[in-house]
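Listed below, chain by chain, are the residues.
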Protein chains: 2
Amino acid sequence: MRTPTIQDVARQAGVGVGTVSRVLNNHAAVKSATREAVLKAIADLDYTPNPHARRIAGGKSYTISVLLPVLTTEFYTRLLDGLETAFQEARYDVAIFPLLDRSRLERYLASHTLAYQADGLVMATYNLTEVFHERRLRTQQPTVLVDAFAENVDCSFMDNVTGGRLAGEYAAALPGALYAIWVETELDQLFTTRVFEDRRSGFLGALAAAGRGVEAEYTSSFDTLAARNTAATLLDRVQAAPGGLPCTVFASADLLAGALLDEVRVRGLTAGRDVRIIGFDDQPWAAARGLTTLHQPVEGMGYEAAGLLLSRLSGYPGPPRARRFEPRLIIRDTA
Amino acid sequence: MRTPTIQDVARQAGVGVGTVSRVLNNHAAVKSATREAVLKAIADLDYTPNPHARRIAGGKSYTISVLLPVLTTEFYTRLLDGLETAFQEARYDVAIFPLLDRSRLERYLASHTLAYQADGLVMATYNLTEVFHERRLRTQQPTVLVDAFAENVDCSFMDNVTGGRLAGEYAAALPGALYAIWVETELDQLFTTRVFEDRRSGFLGALAAAGRGVEAEYTSSFDTLAARNTAATLLDRVQAAPGGLPCTVFASADLLAGALLDEVRVRGLTAGRDVRIIGFDDQPWAAARGLTTLHQPVEGMGYEAAGLLLSRLSGYPGPPRARRFEPRLIIRDTA
DNA sequence: TTGTATGCGTTATCAG
DNA sequence: CTGATAACGCATACAA
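Every value quoted in this text rests on a predicted model; they were computed, and no experiment measured them.

**Thoughts on the packing of aromatic side chains**
The geometry of an aromatic ring pair is captured by the separation of the ring centres together with the interplanar angle, meaning the angle of the planes.
Residue and element names in this part refer to chain A.
Reasoning step 1: Taken as a whole, this structure holds 16 aromatic pairs over all chains when the rule is applied.
Reasoning step 2: Aromatic pair F75 and Y76: ring centres 5.1 Å apart, planes at 85 degrees, arrangement edge-to-face.
Reasoning step 3: Residue classification places F75 among the buried residues on the basis of a relative accessible area of 17%.
Reasoning step 4: The buried category is assigned to Y76, whose relative accessible area is 10%.

Below, the structure written as structure tokens:
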């Protein structure tokens, strides 16, 4: 059975193809009776427009390319959810391009896929606009950055400085020494992100403003084992110091906070009393474990990014816009 | 500057569009002089054919969709490399569809991208053919399975039973008690894989054939911390048992083997003497750490899968074919 | 061996 | 408001 075309729909509904196309793109005015008829025919035939033909005819394929770091983490899953929800509402499809390393980016750039297939581009975390400018001077698609900031392009980003500051302000009011654990980012020059730098500067800034400072800082790679080891090292030091407890630790990612929580319990200490812990992310398990942490409106950020891009696609000409999202401190048991 | 079309190339080369199209698809006979001219024009204009137009006109878009579990692991990176290399040689682009969970699959199924864009489909690890049959009765694209086996479809797979057997045969000849660590696979019914079951049955089978058996088996989730804890638990038992050393451990993934290696060293034991370790994967670091492990021809498996699909695309009508690849035991220092 | 005409599924333009 | 019909960029049968 052949896949139905717009012609089939037109015939079935007893109208012209032009009319079908109009309801498809909810154009101008179509008498609601005929619109109903067309919609019914579409449903009956289970018709979906062929994006390739759309691209040829109208210059739009109704698909968006999303470039993002591997989506192993909850953050990117949620981000993608926000993006896809918005794009779906606007009847756009999204094609995902996972960025593992530079060689993968090269492959994407070399392939025709990226260049032709999409009406727009969203780049998450990494600002690759310059690479694109260098390589593909033609096909300049509207682009939006998400979870990253740049002057010359629309972007929707999380204000990690504020996140760090909120943690800092809250921690500064707590008794006992202050510690922090950061995430080591070992990426090459191209794939660079400033999230942890930002969280750190916000945190340290707030502490300074309150006349306080950290006792020590630790760095861990983003890995459960490394996080656990770092937690152990930190607690060794705290427990060895006279009057080391209680203390407060800003674990700048929930993965780190979780490991610390484990290590605290193993040592017979109590989180929230002996060791106060502030995480960052508000992962799904955070509520159950009573983790005080920064919640990020990730879906919202994605949704907004999509909106920005969509507005460009429908012709919005203004200067680059930046949408800032702020994490919110969720106070639970651990601090 | 407008992106050049086939018309522009034809004009530039002083030939008709038909001729350009012929050299593009290296059709029939084109006088090599005119072919040169066309090729030159193509290069001069930096022309690339528009896949959407190709799809409309000829029914082929020269892109392949690849569905795979998140590619965080080296295995999938290599697999993708093999696939992409083969497809690139045949001038096909590949679009990646990372499968995180069922909801993501649903999104893909709902989108037009998957349905329309590709000439063929490759599914890695998970056999989703049935879901596809249920949902998209139309658009039946040629499909190939990679890293998975099924009767009714072309597939290119790794024989994990053999891998386990090789490990078992080697381990059976070693003195001391035998242990094994498996990876816990906690996926829903849809996303199910038998790799670790297979490795286990091969391993246990070989042991039985040699009149031996395992002292104990452990299961760990695929995570550095969990692996380390499992290693510790295992070594606790071994060291507590009288005459527990030397022993041999089949760690059915290099991640597990690496954690065990770490734990062995921490305890002042020597890998390859006190504790013999056999891994599985031959990750990049395995050679440097002297890990005895099973090497898998992953790229080859991917390359072959692509070849299978490509042959279908060019009309090969035969019955489903299965290409089997065998891991190879690499003996180094740890066993 | 090569140019021309037709069609692919849509959108857009223009009469009606 | 709606129906023809001309593009869109390419492949392909048909002529030459």
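And the narrative resumes.
**Details of the pairing of strand β1 (residues 63–69) of chain B**
Residues and elements named next belong to chain B.
Reasoning step 1: Buried residues dominate β1, accounting for seven of its seven residues.
Reasoning step 2: Of the pairings in the sheet, the one linking β1 to strand β2 (residues 93–99) comprises seven bridges and is parallel in character. Considered in β2, the bridge of L68 is made with P98.
Reasoning step 3: When β1 meets strand β3 (residues 120–124), the two strands line up parallel, connected through four bridges. Paired with I64 across the strands is G120, a residue of β3.

**A few points about helix α5 (residues 74–89) of chain B**
Residue and element names in this part refer to chain B.
Reasoning step 1: If you check α5, its first and last C-alpha atoms are 23 Å apart, about what 16 residues at 1.5 Å a residue would give, namely 22 Å.
Reasoning step 2: Along α5, the positions that sit buried rather than exposed are F75, Y76, R78, L79, L80, G82, L83, E84, A86 and F87.
Reasoning step 3: R91 sits one or two residues past α5 and shows a positive phi near 65 degrees.

**Thoughts on the pattern of salt bridges**
Residue and element names in this part refer to chain A.
Reasoning step 1: As enumerated under the stated definition, the model contains 40 salt bridges over all chains in all.
Reasoning step 2: Here R194 ties to D198 by a salt bridge, and the two come within 3.2 Å at their closest N and O atoms.
Reasoning step 3: A salt bridge links D282 to R332; its shortest N-O distance comes to 2.4 Å. Here the residue D282 occupies a position in the loop between β9 (275–281) and β10 (292–295), and R332 occupies one in the segment after β12 (328–330), the gap between them amounting to 50 residues.
Reasoning step 4: For R332, a relative accessible area of 22% puts it in the partly exposed group.

**A word on the nonpolar core**
Reasoning step 1: Judged by nonpolar contacts, the single largest core of 48 residues is most densely connected at L79, L83, F87 and V122 of chain A together with L67 and F132 of chain B.
Reasoning step 2: Residue contributions to this core peak at eight residues, all from helix α13 (residues 298–313) of chain A.
Reasoning step 3: Counting 47 residues, the second largest nonpolar core, distinct from the first, contains V153 of chain A together with F87, V94 and L308 of chain B.

**Quick word on the relation of the copies chain B and chain A**
Reasoning step 1: Of the transformation superimposing chain B on chain A, the axial component is 0.1 Å and the angular component is 180 degrees, with the fit at an RMSD of 0.2 Å. The transformation relating the two chain copies, once decomposed into turn and shift, fits a two-fold axis.
Reasoning step 2: A shared binding surface is used by both copies, with 100% of the interface residues of chain B retained as interface residues in chain A.

**Quick notes on the sheet that holds β3 of chain B**
Residue and element names in this part refer to chain B.
Reasoning step 1: Taken together, the six strands give an open sheet; going across it, the order is β2-β1-β3-β4-β5-β11, and neighbouring strands pair in parallel fashion. Looking at strand neighbours, the two that pair on one side only are β2 and β11 (322–325), the edges of this open sheet. Across this sheet, the average inter-strand angle for adjacent strands is 15 degrees, counted without regard to direction.
Reasoning step 2: Of the strands in this sheet, β1 and β2 are in contact with helix α6 (residues 102–110), which crosses β2 at around 140 degrees.
Reasoning step 3: The strands touched by helix α13 (residues 298–313) are β1, β3, β4 (143–146), β5 (154–158) and β11; relative to β5, the strand with the most contacts, the crossing angle is about 175 degrees.

About the criteria used
Once a new chain begins, its residue numbering starts again from 1 and follows that chain's sequence as written. Whichever chain is written first is A, and whichever ligand is written first is 1; the rest continue in order. At least 70 in pLDDT is required for a residue's local features to be given in this predicted model, at least 80 for side-chain atom pairs to be given and counted, and no such filter applies to totals for whole chains, interfaces and linings, which use all residues. To get the side-chain values, take all heavy atoms of the structure and skip hydrogens and water. Pairing of aromatic rings covers Phe, Tyr and the six-membered ring of Trp, with a centre-to-centre limit of 6.5 Å; geometry is then stacked below 30 degrees between planes, edge-to-face above 60, and tilted otherwise. Working definition: with a 1.4 Å probe on protein chains only, accessible area under 20% of the residue-type maximum means buried, over 50% means exposed, and in between means partly exposed. Strands are runs of DSSP state E lasting at least two residues, helices are runs of H or I lasting at least four, and both sets are numbered from the N terminus onward. Should DSSP find at least two bridges between two strands, the strands are regarded as paired. An expected span of 1.5 Å times one less than the residue number is assigned to each helix. Within this document, salt bridges are pairs made up of a side-chain nitrogen of Lys or Arg and a carboxyl oxygen of Asp or Glu, the two lying within 4 Å of each other. As used in this record, nonpolar core signifies buried Ala, Val, Leu, Ile, Met, Phe, Trp, Tyr and Cys residues forming a set joined through side-chain atoms within 4.5 Å. The copies were overlaid by least squares, fitting only the C-alpha atoms of residues that reach a pLDDT of 70 or more in each copy. It only takes one pair of heavy atoms within 4.5 Å for two residues to be counted as in contact. Fitted lines through C-alpha atoms serve as axes, helices being fitted only where they are in contact, and the angles separating the N-to-C directions of these axes extend from 0 to 180 degrees.

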